[in-house]
Amino acid sequence: MIKKFEEIDATADLGIIAYGENLKNLFSNAAEGLMSLMADTKGIAESESTAINITAKDKEGLLIKWLNEIIYIKDTKGFLGKRFNINYLNDNSLKADIHGEIYTPEKHELLSGVKAATYHNLKIEKVRETWRVRIIFDV
């Protein structure tokens, strides 16, 4: 199996390179990578879920909107995602279910305060049989 994501160095920011066998897998792995920057995901249970339905002009915009929605849900509702199921995805639309639970200080360890996913050097590309994207996050 290919790796899902890896952290990269970014001056004053955080970044990951996400990988996927297809675009759905890439978007899911990018979400896992984002969540791993924000919280220790080992302690997150999949006891609740929330649905996401978003649109954008292109797949890069869709990825940024998807990741920023995950940040927004964490910041406003305290919802920490563990598993990210992409149910539908095309270049302009995404429907997904995020499985996780509400943050509780006794159970969960928060890590970095990620503010937003950025378009900085963002490019979704297919390299041989693997999809890949480099994402920089404002902290």
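Look up a bit, the structure's there.
Per chain, the residues get numbers from 1 upward, laid out in the order the sequence is written. Totals for whole chains, interfaces and linings use all residues, but because this is a predicted model, local features are given only for residues with pLDDT of at least 70 and pairs of side-chain atoms are given and counted only at 80 or more. The side-chain figures draw on all heavy atoms in the structure; neither hydrogens nor water molecules are used.

Novice: When you look at the pattern of salt bridges in this model, what are you seeing that I'm missing?
Specialist: A side chain with one charge can pair with a side chain of the opposite charge if their charged atoms come near. The term salt bridge refers to a side-chain nitrogen of Lys or Arg lying within 4 Å of a carboxyl oxygen of Asp or Glu. In total, this model carries seven salt bridges according to the counting rule given. Between Glu101 and Lys107 there is a salt bridge, with the nearest N and O atoms lying 2.8 Å from each other. Notably, a salt bridge pairs Glu125 with Lys123, separated by 4.0 Å at the nearest N-O pair. Residues joined by salt bridges that share partners form a network here, namely Lys123, Glu125 and Arg132.

Novice: Would you mind showing me how to read the sheet that holds strand S5 (residues 93-102) here?
Specialist: Strands in a sheet are paired, the pairing made by backbone hydrogen bonds, and the direction either parallel or antiparallel. Reading across from one edge, S3-S5-S4 is the order of the three strands in this open sheet, with antiparallel pairing throughout. Two strands lie at the open edges of the sheet, namely strand S3 (48-55) and strand S4 (79-89), each paired on one side alone. Sheet twist, expressed as the mean angle between neighbouring strand axes with direction ignored, is 25°. Any two strands with at least two DSSP-identified bridges between them are counted as paired. Every helix listed is a DSSP run of H or I at least four residues long, and every strand listed is a run of E at least two residues long, numbered separately from the N terminus. In this structure, S4 lies alongside S5, joined through nine bridges in antiparallel fashion. Note on S5: the bridge partner recorded for Leu89 is Leu94. Here a residue-residue contact requires only that any non-hydrogen atoms of the pair lie within 4.5 Å. Comment: axis = line fitted to C-alpha atoms, over the contacting stretch for helices; angle = value between 0 and 180 degrees taken between N-to-C directions. Here helix H1 (residues 23-38) sits on the sheet in contact with S4 and S5, set at roughly 170° to S4. Set on the sheet, helix H2 (residues 59-77) makes contact with S3, S4 and S5; between it and S3 the angle comes to about 140°.

Novice: Would you mind going over the side chain of His108 with me for this structure?
Specialist: With respect to the element layout, His108 can be found in the loop between S5 and strand S6 (116-117). Under the rule applied, a polar contact is a pair of N or O atoms within 3.5 Å (in protein, one hydrogen donor and one hydrogen acceptor; residues adjacent in sequence only if both atoms are side-chain atoms). Polar side-chain contacts of His108 include one of 2.8 Å to the side chain of Glu101. Discounting residues that sit within four places of it in the chain, His108 has contacts with Gly43, Ile44, Leu80, Glu101, Ile102 and Tyr103.

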